Amino acid sequence: MSKHDGAAGRASVAVHAARAGADVAAGSFRGELEVDRKDGKTDVVTQADREAQQRVIDVIEASYPDDPIVGEEDDALKAVPETGPAWIVDPIDGTNNYVNGIRAFGTAVAAVRDGDPVAAATVCPALGDTYRVGPTGAVRNDEPLSVSDCADPEAATVCPTYWWNFDQRDQYAAAVSGLTDRFGDVRRFGCAQLELAMVASGALEGTITNLRANPWDTVAGVALIRAAGGTVTDLEGNHWCHDSEGLVASNGALHDELRAAARTIDEGGD
């Protein structure tokens, strides 16, 4: 058994690994970057992504050499094991922001058991923020996190998260319409893990997508929200899991309104 075994040990390693990856990313931020494209012109990857992921993996494997690691880049696993312990890594979430010199990016690491998160960390080095969740709850820079207590949709700020392909942009338009019809203000930051962390901190009241999001883009942030007192479900209101279709994350008080907005996406708006 690892000396780090248990939720507290995994929480410590998650923070250490996320910080190590974020340090790699920060070292190349706003520098000369070699950029490759994956599935689209804004779906980019850099050498910093690959090096940051390897650094995260090195830290995890030093304490948990036998645990599976799911990661966004290269030949890392792409599916979360149904049983047992595992790790989920996004070396640079918000890579398009990163490439364009926008500070909204971060390294996210989640420890899961039987698919459910037991610890997580998201480090946003250019913003100076470390979000983490473990046995003592959710914190940002060592200050406890709590979701917003706003219960008035017209006073709320919300976000459509995750990005739609060009042949699905009508769904993005429907998402924005569904949100602007119901809520006071709308933002989009281009970094799903940061958007979820902002729900956990109370900076946003909620975020939605109708898409099946990748686990490396979501699991750490979902763990933060739940630990901070918020609610995360699929479009039907069921408990959200890493393989759920759609995601609705909220402060709890406005969850029904956010679900209503999310359900309009596939319907093409109201």
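Just so we're clear, the structure is a prediction, and the values are computed from it rather than from any experiment.

Caption draft 1: Spatial organisation of the packing of aromatic side chains. Summed over all chains, the structure comprises four aromatic pairs. Measuring from centroid to centroid gives 4.9 Å for Phe 29 and Phe 105, while their planes differ by 50°, and the two rings are tilted. Taken as a pair, Phe 29 in the loop between helix H1 (7–28) and strand S1 (35–40) and Phe 105 in the loop between helix H3 (95–99) and strand S5 (106–113) lie far apart in primary sequence, 76 residues in all. As far as the burial class goes, Phe 29 and Phe 105 line up, both buried. Here Tyr 64 and Trp 87 contribute two aromatic rings whose centre-to-centre distance is 5.4 Å and whose plane-to-plane angle is 45°, an arrangement assigned as tilted. Within this pair, whereas Tyr 64 is found in the loop between helix H2 (47–63) and strand S3 (69–71), its partner Trp 87 is found in strand S4 (residues 85–93), the two being separated by 23 residues in sequence. Judged by relative accessible area, which is 3%, Tyr 64 ranks as buried. Among the aromatic residues, those joined into a cluster by ring pairs are Phe 29, Tyr 98 and Phe 105.

Caption draft 2: A look at the pairing of S4. A large share of S4 lies buried, amounting to eight of its nine residues. In this structure, S4 lies alongside S5, joined through seven bridges in antiparallel fashion. Paired with Asp 93 across the bridge in S5 is Gly 106.

Caption draft 3: Region of interest: the UniProt feature "binding site: Mg(2+) 1" (unreviewed entry) in the chain. If you check UniProt for "binding site: Mg(2+) 1" (unreviewed entry), the listed places come out as Glu 72, Ile 92 and Asp 217 in our numbering. A maximum C-alpha distance of 9.7 Å is found for the annotated residues, which run over 146 residues; spatially they form one tight group. Its location among the elements puts Glu 72 in the loop between S3 and S4. With respect to the element layout, Asp 217 can be found in the loop between strand S12 (206–209) and helix H6 (219–227). Dropping the residues within four chain positions of it, Asp 217 is found in contact with Asp 90, Asp 93, Tyr 162, Ala 192, Gln 193 and Leu 196. Polar contacts involving the side chain of Asp 217 include one to the side chain of Tyr 162, which spans 3.2 Å.

Parameters and conventions
Residues numbered from 1 in each chain as written. Predicted model: local features only at pLDDT ≥ 70, side-chain atom pairs only at ≥ 80, totals over all residues. Heavy atoms only, no water. Phe/Tyr/Trp six-rings, centres within 6.5 Å; stacked < 30°, edge-to-face > 60°. Helix = DSSP H or I, 4+ residues; strand = E, 2+ residues; numbered from the N terminus. Buried < 20%, exposed > 50% of the residue type's maximum accessible area, 1.4 Å probe, protein only. Pairing = 2+ DSSP bridges. UniProt positions renumbered as here; feature names shortened; annotations may be inferred. Contact = heavy atoms within 4.5 Å. Polar contact = N/O pair within 3.5 Å; in protein donor to acceptor, adjacent residues only side chain to side chain.

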